[in-house]
Amino acid sequence: MQSFDVRIDNWCLGIILYIMISGKFPFSGKNKKEILSSIMNGVFSFSHPPFRKCSPEVRDLISKLLARNPNDRFSALEAIQHPWTVSMMSLPCHSSQSLSVDPQVISRLRRFAHCNEFKKWVSYMISLKLEEKNILELKRVDCLMM
């Protein structure tokens, strides 16, 4: 529970990469309290089947992006210079080394895209740092966008 800076963007990048590979949110629990505790403690795993097919390098990159302590977390420069990122950028677009994605991951990503749960969690995390008047303003803006 500290002020955020650009390092939170790198943490979010780790979440997005995790979701793109597995189709699941990295932090889990039986209820919101357990999920929040998992987030606050930085507890996640690579136990989902799609990660069994992934290289150790991509798991390493995700781990370094999701480091709980912002001072230990990869910067954008470190992420782009990571061996996995470099190897992915060196593949030609028309490469026969295309990335295979498990159909279940595609299905989960589709469900995830239509799910408001992630939006609710982001809103909840933001609300922990905002004053009541700001929360009311966000709710008003959200209603206008629907």
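Figured I'd write up the structure that's included with this text. Small disclaimer: the values here were computed from a predicted structure and weren't measured.

1. Let's talk about the environment of V6
Among the secondary structure elements, V6 is positioned in the segment before α1 (7–22). Residues V6 and P70, 64 residues apart in the sequence, show an inter-C-alpha distance of 9.6 Å.

2. What about helix α4 (residues 56–65)?
Of the positions making up α4, those classed as buried are V58, L61, I62 and L65. The buried residues of α4 occupy an angular sector of 95 degrees when the element is viewed end-on, so they sit on one face. Taken together, the buried residues of α4 touch α1, α3 (49–52), α5 (76–81) and α6 (83–89).

3. Concerning the packing of α1 against α4
α4 packs onto α1 with a crossing angle of 145 degrees between their chain directions and a minimal axis gap of 8 Å. The handedness of the crossing between α1 and α4 is left-handed. In this structure, α1 contributes N10, W11, L13, G14, L17, Y18 and I21 to the contact, and α4 contributes V58, L61, I62 and L65. Its residues assigned to classes, the contact of α1 with α4 comprises 9 nonpolar, 2 polar and no charged.

4. Some remarks on the environment of G29
Turning to its location among the elements, G29 is positioned in the loop between α1 and α2 (32–41). Residue classification places G29 among the partly exposed positions, given a relative accessible area of 37%. Sequence spacing of G29 and I39 is 10 residues, and the spatial spacing of their C-alpha atoms is 9.8 Å. G29 has contacts with E34 and I35, leaving out every residue within four places of it along the chain.

5. Some details on the nonpolar core
By size, the foremost hydrophobic cluster in this structure holds 19 residues, and its most contacted members are I15, I21 and I62. For this core, the secondary structure elements donating two or more residues are α1, α2 and α4. If you tally residues by element for this core, the top one is α1, at 6 residues. Ignoring any residue separated from it by four or fewer positions in sequence, one finds I62 in contact with G14, L17, Y18, I21, F46 and F51.

Calculation rules
- Residues numbered from 1 in each chain as written.
- Predicted model: local features only at pLDDT ≥ 70, side-chain atom pairs only at ≥ 80, totals over all residues.
- Heavy atoms only, no water.
- Helix = DSSP H or I, 4+ residues; strand = E, 2+ residues; numbered from the N terminus.
- Buried < 20%, exposed > 50% of the residue type's maximum accessible area, 1.4 Å probe, protein only.
- Arc of directions from axis to C-beta.
- Contact = heavy atoms within 4.5 Å.
- Axes fitted to C-alpha atoms, helices over the stretch in contact; angles between N-to-C directions.
- Left-handed = near helix turned anticlockwise from the far one by under 90°.
- Nonpolar A, V, L, I, M, F, W, Y, C, P; charged D, E, K, R; others polar.
- Core = buried A, V, L, I, M, F, W, Y, C linked by side-chain atoms within 4.5 Å.

These results come straight from atomic positions and should not be treated as a statement about function.
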